[in-house]
Amino acid sequence: MHSGCRMALSRGLRCCQRVFSWVPVVIISSVVLWSYYAYVWELCLVTVENALEKAVYLLVFHIVFLLFIWTYWKAIFTPPKEPTKKFLLPYAEKERYDSEERPEVQRQILAEFAKKLPVYTRTGSGAIRFCDRCQVVKPDRCHHCSVCGMCVLKMDHHCPWVNNCIGFSNYKFFLLFLAYAMLYCAYIAATVFQYFLLYWTAELPNNRAKFHVLFLLFVSLMFFISLMFLFGYHCWLVGLNRTTLGVRHRTVPCMCGTVPPQGGHCRLWGHT
């Protein structure tokens, strides 16, 4: 009975964790929806009087907005890519591995199995990188995500703002999301600025639109500055063929016997 209660409590906690993990996504979505309303209705339809200016603002805004929303959607709902079945430890090898108590023999079992696999990176002690929870030999740059409960190929990090692991399958969409989010914020700030000055100097009357226009500028600039640093950091990582985990974790020896640069790849063979 006690074990049943513990299982029910564990399932309840996991369910709560899954629900609360969507809170950052809901926050970002709420801010984006408000910015859409404030820009389209309060700025373009209420504040801007020139018909041509209004049409150009709305056209360009919706193009940038759709690109931003599409990449955000893809970054959220593109599932992380797991290692293929060939990295999964066979049943017979798993039985040997689990029944063996000597660590050096376990390392030998994994080493024999990994001979057939394109795996080069080793742990600090020179052993094969193996995930006990997923029962797979980890490919290079593969890491286990405790939030997703799975091993993720070329894992960069788990991003709470998209509630997803950023890795091999969706890193492109994550970078595009950052780029289009920057463009979205920059476009809003550039087109709102002149009306911000008009409201600030009281050349336009005080009304409900004034509040939205003022906050549009402040919020867009705040997000633009934050995204600029984040996007620049990831561009730097891409240029050096690194990942966030590769920079944070210490470098381990490679199969070829050389030690690659911090977070980089082997100078001799080019692998990580």
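As recorded by an unreviewed UniProt entry, the chain carries the name Palmitoyltransferase and is attributed to Engystomops pustulosus. Turning to the chain, the UniProt annotation filed under Subcellular location (unreviewed entry) states: "Membrane". According to UniProt, the comment filed for the chain under the heading Catalytic activity (unreviewed entry) is "L-cysteinyl-[protein] + hexadecanoyl-CoA = S-hexadecanoyl-L-cysteinyl-[protein] + CoA".

(A) Inspection of the overall build of the chain at higher detail. Counting its regular elements, the chain contains eight helices and six strands. The helix and strand sequence of the chain, counted from the amino end, reads α-α-α-α-α-β-β-β-β-β-β-α-α-α. Out of the 272 residues belonging to the chain, those deemed buried represent 42%. A total accessible area of about 15800 Å² is found for the chain, and carbon and sulfur atoms account for 67% of it.

(B) Highlighting the environment of Val46. Looking at the secondary structure, you find Val46 in helix α2 (residues 23-47). Note on Val46: relative accessible area 41%, which makes it partly exposed. It is 7.3 Å that separates the C-alpha atoms of Val46 and Ala209, two residues lying 163 residues apart in sequence. Residue contacts for Val46: discarding those within four places in its chain leaves Trp41 and Ala209.

(C) Inspection of the side chain of Thr191 at higher detail. In this fold, Thr191 is placed in helix α6 (residues 171-200). A relative accessible area of 7% means that Thr191 is categorised as buried. Within the local environment of Thr191, its side chain forms a polar contact with the backbone oxygen of Tyr187, the two atoms lying 2.8 Å apart. If we ignore the near neighbours within four places in the chain, the residues touching Thr191 are Tyr39 and Tyr57.

(D) Local environment of the packing of aromatic side chains. In this structure the tally under the stated criterion is 20 aromatic pairs. Seen from their ring centres, Tyr36 and Phe65 are 4.9 Å apart, and the 45° between their planes marks the pair as tilted. In this pair, Tyr36 is assigned in helix α2 and Phe65 in helix α3 (residues 51-77), connecting sequence segments 29 residues apart. By relative accessible area, Tyr36 is classed as partly exposed at 28%. Phe65 gets classed as buried once you look at its relative accessible area, which sits at 12%. Here Trp73 and Phe77 contribute two aromatic rings whose centre-to-centre distance is 4.3 Å and whose plane-to-plane angle is 45°, an arrangement assigned as tilted. Here the residue Trp73 and the residue Phe77 both occupy positions in helix α3, the gap between them amounting to four residues, near one helical turn. Judged by its relative accessible area of 53%, Trp73 falls in the exposed class.

About the cut-offs
Residues numbered from 1 in each chain as written. Predicted model: local features only at pLDDT ≥ 70, side-chain atom pairs only at ≥ 80, totals over all residues. Heavy atoms only, no water. UniProt positions renumbered as here; feature names shortened; annotations may be inferred. Helix = DSSP H or I, 4+ residues; strand = E, 2+ residues; numbered from the N terminus. Buried < 20%, exposed > 50% of the residue type's maximum accessible area, 1.4 Å probe, protein only. Areas by Shrake-Rupley, 256 points an atom, 1.4 Å probe, with all protein chains shown as cover. Contact = heavy atoms within 4.5 Å. Polar contact = N/O pair within 3.5 Å; in protein donor to acceptor, adjacent residues only side chain to side chain. Phe/Tyr/Trp six-rings, centres within 6.5 Å; stacked < 30°, edge-to-face > 60°.

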